[in-house]
Structure formats: structure tokens, C-alpha cells
Amino acid sequence: MRILKLHCDYIYYKPKKLAVKQGADEVTKEDLEGKKVEEVLVVFTAVENGDSQKEVSEAVVEIKKMFETVKAQNVVIYPYAHLSSNLASLKDAPTILARLYEETKKSVTPNTFKSQFGWYKEFELKCKGHPLSELSKTIGESKGETTRKPKAGTAHTIHEVIYSVMLEEPQNRGFAKDKNAYRLTTALSIAALLKQKDKNVGLGLMQLNENGFYVDIDLHRSLSPKELPELQKELENFISTSHPITQKLVSKEQAEKIFAEQKEPYLLELAQKLPEHAFLNLYCMDEVSVPSLVPLLDNANELRAIHLAGVGGAYWLNDSSKPQLQRIAGFSFPTKEALTNFLELQEKAKDRDHRKLGLQLDLFSVHDVAPGMAFFHPKGMIIRNELEKYWRELNHKYGHVEIRTPILMDAEVWKNSGHWDHYKENMYFTQIDGKLNGVKPMNCPGAIIIFKNTRRSYRELPLRLAELGLVHRHEFSGVLSGLFRVRAFTQDDSHVFCAQEDIESEVEARLRYLDEFYHTFGFEYTLELSTRPPKRLGTDEQWDIAENALKKALDKLGKKYKINEGDGAFYGPKIDFHIKDSLGRTWQCATEQLDFQMPLRFDVTFVDKDGKEANPAMLHSVAHGSVERFYAILVEHFEGKFPTWLAPIQVAVITVSDDQKEYAKQVYDQLRANGIRVELEDKTGTVGAKIRNWQQQKVPYMVIIGEQEVGSNTISIRDRKGSETHNANLSEFVKTIHLEIEKRK
């Protein structure tokens, strides 16, 4: 529950037009003439999902405290939805407001009034000017806006950047000696070193990314990559001496004072944008102080192995209207051996870079005419189509039905989903027929609209809807990277609507689906179960049921899993899959997410066994995640050497000389007639050059046709590893290929 208390000389309000039908108060002729209340404490109130009697009681205490302090004569409870983006349903909100009104009237003053719920109203008030005349309060747990911190490297909007460093309540983060402590201590050391060299540099934020860290700094000039080796030497010399780190937990006001004194304009702006109740956890070294929620080392001289990897530009707060800072990125490890091993792995990865292989194998390309949006070539589409074909087979096996929803929907949909408040900066909008429409950044609302298209019975549940939906999310051009970081991508969403008692069996079935899916590609994986965070929606009973269902499903699967206490989404617990590729790198792909919020936001219901309306549980899931990102992972995992079932070209038929063209064409035609993807290489040239060409194309099999093969009506087979089989029977070879395709090998 959110309340804003204003001590006013008066408030005048009058209902003008019905806003919602469900739950709206009835109005009298007298109400329509308006009401004026003087010497009044006005309590603007937003009822949020999950609010109960507990929040009502706490709110009454807050109202009474201020009422007695300011010596008001009257109270007006004024429903005001704009205080929150996570409102309670139209079924629950009127009940909670009625309780608040009755208990305020009983416990605070009989002179308590309530303005009309469910109506557009005009109002006018005059607020008194004393220091206590305006006070806001979040009652109970802060359910309105998710304050769950974005994962490393995922804070993109200004809103996310702010929430990635702030605390809603005092928490001493302390010090640590884990990998992230080494990374961010290095970032802080860079900031301190550059500040020591030039007092006029402006500090931005330091953040983690997938394998390392970065720090943003305004040097008032561009930093060249050629300068990094010298900067690294200076940094190594800097950390060879003691630089103690202290920690400060400060309020918004204290942070503003510190950053003003230190002449840090960027961090001062950040502090000024914080909510009034926010805190910052500062780590201080020498003359610099930078906020971080991740604990650091307690002295920079504990750093042992550092590598500065790159430098580029980054807009302050990811806002292109603001100055561009220099972003220095790097890696830091507890030992030199660990750094050496990591850098060797990075070198190996360069040969597998999907961008390089994508060009070499003619799979896809990216162009300036559509930044962050890939062009898939014919060979690349073969791989995509095979992935989608497999996805559809698994969906059929596990009882999912496929849907397709529009990529463009009314902006009201995105306001209702919460994206308008939390993700608008990363969306694309356009006007159509005078109405604002948003290009979808996610598929969930579309699935919900289909579910709600007809009245559902418990007999229809579970309903498993699957979609390969094209979504768009704006990324700054500087962070776009091949297929890993794009603006347009396809998400293979599964949305399961089920009764609460079916959660466990549905999660278990989905885990088996994903186990089969990743096993097909040869991926090992680890599992993480993230449980209820301190700030959350729903009752403890709901969370108990949900978490137990996920745990039981994991236990039945017989897989080990790590529990991340308190790291679930604010609307439900989740299971994350971290797959390991052939280089030992891990990638977070699949997620099983239970959602308490979306069915309430969109008023999703079904008729239960008792004939009553109930909200279904909603399970969000992906296998590929982003099809484009998974595609890139596969390119690098297989090093372009795709298994036969995925390979764009499965067999290349090669002639030794022109004399074998006719027989080679017969072999080619027979393979093609059997559904095998085959190319014929019968141009004039040496057989060695032809073999080298197809080796570079990483084709699984080459069929070599020479004079001996023509004479014996056989073929010679050379596989990708260089093994050769002579005098082979073509029909048997076709059977081998078909078996590999069938078994997806």
C-alpha cells in the first residue's frame, strides 16, 4: 500500500465520469455537486497486489500519528492509483479501501470521509507549508515496483541503473573475498588512480559484466586502446602499496553532500535521482567514493592478477542525451594462474567467434541498415528451421499447442503489464489511427489475451501455450554484438496456465522437456532455485506452495541444484538452467518462472470445480531463450562443425576429374532424392583443393568419386575428422545419414 499524506487548508473534490465498472462506488446527486473539507489530512491511497488487513492496520497507525501531530480536524481517504504501478485487482481494492475508511473513522476521528473509488474526479486543494505537511509512506513490504536488482550487466534503463546501486533500507554490505570482490575492487582502484592523476575527472559507476567488470569515467577526452598497456602498468604499481577501503552506508541526503564536496557531478546527479527513502552503500579509497551493492576487498593491495581488456564510450545513465563517458573494461582474478587460464580460454574462443564463423559459413550477417537485427542467409535458415522443427516436436510430445500473437499492441496493454513504468525506454512505439501502439518486448500479454478470449473451465487446464514470438528491445548501438546482443530476436516462450494443485506436475514435466532438449545438443547444465525475496507479492502460503512444488519437481528429476535464498523475482520463485559449452563456458538460458502477478494484473480467471472464479497459476518458460542467442552459442559450441541433423550441407559430392561428372551427378541425385542436403563439386580443379574448400565449410561428409568408384559402382567417404571409407555402398551410406538425422547426431 502506498499513501501520500497532505495536511491541507482544504480539499474540494467532485466525481465527473465513471472510470471502471467493477468495484466502483455508487454516487448520489449530492456527491455529483462536489464536497469541500477544511483543516484536513488528505490521505492519497493506492492499494497494491497482496495488501491485506495487516497493511490496513499499519496505515491507520501512520494516519493517526500524523493526524495527532499536525492537529488536523478531518481526514479524507482519497483513492489515487497513480502512486503505484502494481495495483490490486478491482475485486480487492474496494474492500481494502472500505476497511481503511472504517478503521480510520473508528480509531482516528469520526470526521473521516472517503472520495469515490472508480471515478474520474476533479479536485483542488491547498497544502499547508510546514515541514510535516507532506509525507509519503510505503505500508508493509514494498510491493509496488520491483526493486530486485538487475543481474550483472543487465541494467539498461535509467530506472534499472538507479535500482542496481540503491538500497531501500539500511543494510551493511561489508567486505568479501569472492570473484566479484576482486573485480569491483579493481574497478575502484582504476577510479582512484585516475582521480589521483587528474582531480578533474568525473567518476561514473562501476559494474560487473559476464566475466569481468567495467568502470565509467569522464576523462574529458577519448582514451585510446593503445594507452591501456601503460595504464595497466600504472595500476599494477598503484596496487603494490596499501590502499585501505572503507565502507559507508549513507542516506540520499548524505550522499548528495559527499558527492558535492568531492565535486563528482555524475554521482551527485545519481544521488539526486534516488527516491527520498533510499540509501547508498559507498566504498571509499583515497579520495573517491563509489556506490556498490557488491562487497569489495578491504585493501587494494590484495589484488593479484589484472588484465585491462578494452575501452569504449558509454552514455551516462544509458541516456543518449547525456555526456559520453569512457568505459574501461577488464578482468581480475585472485591468482595469476586463474587469469592465465581465462585468457587462454578467451584466445580459443576467438577462433569460434560466431560472427567470424557466420561470415565464413555464409549463415547470417548484420548491416548498418538495421542495427541489431540479423539477416539470416539460406544456409543459416536451414539451421534455424531445424531448431524450430525440433522445438515443435518436443512441444507436441509434451502437450503444448502453438500460438502466434501480434508484434504491435495498444500501449494500454504495456501499461497494464508494467512495461510502461519499468521498461518504456527500451521499447519502440508508433501512432496508428491516433492511438499509441507498442512493439512487444515480450510475449506474455499475447498469451494471456488468447487465454481470456473465452471463459475457461478447470477441465481445460493445464493449458500449455507455446510461441516463437518476434520481440524488440532497444539496446544502445555501442553494446550490440553479433547475435548475442540484438534489438530484434525470437523468444520461444511457453506459458502454462494451471490450477494451483497442478503446479508441481507441470514444473516436473517442463524440467523433463528441458533435460531432453539440452541433452540433444550435448550440453551439461547446473540448476539454481531462487526463492522468495524480502520484497514480494503474494502471501507466505502461496510462496510455500510454489517453492515446495519447484523443490519436489527438482528432487523427482534427481538433479542437484543450488538454492539462491531471496533471489527469486518479486512475483514468484524460479529455476535457472546454466549450460556448459565445449570450452567450459557457462550460459544462462532456460528459466522456469512461477508468476503470481500477471494473472492478477490482467484479471485472468477460470471456473473451478466449485463453479467459482479463480486465478490460475502461470508458469513462464523458455528453452532457447532468445533463438538468436542460442544459435550463436551453438555456432561457438560446435565451432561451426554442426552435427549431421543441423548441418546446412550434410554431404558434398566431389569429383577427382571431369571424367566422373556423370556418375557423380547420379550419386548427387540419389542423395537429394532421399532428403539429404547435398552439394555437387564437379568443377575443374584438383581434388585436394576441393577437399580443402569443403573442410573450411565444415561439412560432415564428403563423397569422393574417382575412376575406381565409377568402375565398381561404389563411393568413397571422407568424414569431417579425416577418416576414409573406400568401396562403400551408397544405399548403406544413405541409411547411416538417415539414422544420424533421426537420432539427431
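Throughout what follows, the structure given in this document is the object of discussion.

About the criteria used
Residues numbered from 1 in each chain as written. Predicted model: local features only at pLDDT ≥ 70, side-chain atom pairs only at ≥ 80, totals over all residues. Heavy atoms only, no water. 1 Å grid on protein atoms, 1.4 Å probe; cavity = no way out; pocket = protein on both sides within 12 Å on 5 of 7 lines; lining within 4 Å. Points joined across faces, edges and corners; volume = space filled by probe spheres on them. Nonpolar A, V, L, I, M, F, W, Y, C, P; charged D, E, K, R; others polar. Helix = DSSP H or I, 4+ residues; strand = E, 2+ residues; numbered from the N terminus. Buried < 20%, exposed > 50% of the residue type's maximum accessible area, 1.4 Å probe, protein only. Contact = heavy atoms within 4.5 Å. Pairing = 2+ DSSP bridges. Axes fitted to C-alpha atoms, helices over the stretch in contact; angles between N-to-C directions. Parallel < 35°, antiparallel > 145°, perpendicular 65-115°, else oblique. Left-handed = near helix turned anticlockwise from the far one by under 90°. Core = buried A, V, L, I, M, F, W, Y, C linked by side-chain atoms within 4.5 Å.

Let's shift gears to empty space enclosed by the protein. Counted under the stated rule, the structure contains one cavity of 30 Å³ or more. A volume near 110 Å³ is recorded for the largest cavity. If you trace the largest cavity, you find 14 residues lining it, with Leu361, Pro648, Ile649, Gln697 and Lys698 closest to the centre. Of the residues that constitute the lining of the largest cavity, the class distribution is nine nonpolar, two polar and three charged.

Attention now goes to the environment of glutamate 39. Examined against the element boundaries, glutamate 39 turns out to sit in strand 2 (residues 35–46). Assessed through its relative accessible area of 27%, glutamate 39 is described here as partly exposed. With 31 residues separating them in the primary sequence, glutamate 39 and valine 70 have C-alpha atoms 10.0 Å apart. Contact partners of glutamate 39, with chain neighbours within four places excluded, come to His7, Cys8, Asp9, Ala72, Gln73, Asn74 and Lys128.

Before going further, it helps to spend a moment on the sheet that holds strand 33 (residues 715–719). Here five strands make up an open sheet; going across it, the order is 31-30-32-33-34 and the pairing mixed. Bordering the open sheet on either side are strand 31 (678–681) and strand 34 (724–728), each of which pairs with just one other strand. Taken pair by pair, the neighbouring strands of this sheet meet at an average axis angle of 20 degrees, ignoring direction. In this sheet, strand 33 lies alongside strand 32 (residues 701–705) in antiparallel orientation, the contact comprising four bridges. Across the sheet, the residue bridging to valine 703 is isoleucine 717, located in strand 33. On top of the sheet, helix 22 (residues 730–742) reaches strand 30 (651–655), strand 32, strand 33 and strand 34; it is set at about 170 degrees to strand 32, its chief contact.

This part takes up the pairing of strand 3 (residues 74–79). For strand 3, the buried fraction is high: six of the six residues fall into the buried class. Alternating residues of strand 3 divide into Asn74, Val76 and Tyr78 and Val75, Ile77 and Pro79, and every residue in both groups is buried. Across three bridges, strand 3 lies against strand 4 (residues 112–114) in parallel orientation. Within the sheet, the bridge partner assigned to valine 75 lies in strand 4 and is threonine 112.

On to the packing of helix 7 (residues 252–261) against helix 8 (residues 265–273). Two elements in contact, helix 7 and helix 8, have axes separated by 8 Å at closest approach and are oriented at 165 degrees. As the angle between them shows, helix 7 and helix 8 are arranged roughly antiparallel. The handedness of the crossing between helix 7 and helix 8 is left-handed. Of the residues in helix 8, those in contact with Lys252, Ala255, Glu256, Phe259 and Ala260 of helix 7 are Leu267, Leu268, Ala271, Gln272 and Lys273. Considered class by class, the residues forming the contact of helix 7 with helix 8 number six nonpolar, one polar and three charged.

Judged by nonpolar contacts, the single largest core of 59 residues is most densely connected at Leu188, Ile190, Ile217, Phe259 and Leu280. Filtering out sequence-adjacent residues up to four positions away, isoleucine 217 remains in contact with Ile190, Ala191, Leu194, Val201, Gly202, Leu203, Gly204, Leu325 and Gln326. If you look at the next biggest cluster of nonpolar residues, it comprises 57 residues, including Leu363, Leu514, Tyr631 and Trp645.

Moving on to the sheet that holds strand 20 (residues 435–439). One open sheet holds the three strands; their spatial order is 18-20-19, and the pairing between them is antiparallel. Of all strands in the sheet, those with a lone pairing partner are strand 18 (408–410) and strand 19 (429–432), marking the two edges. Within this sheet the neighbouring strands show an average axis-to-axis angle of 40 degrees, counted without direction. Here strand 19 pairs with strand 20 via four bridges, running antiparallel. In the strand pairing of strand 20, isoleucine 432 is matched with lysine 435.

Without other data, these values stay purely geometric and don't point to any function.
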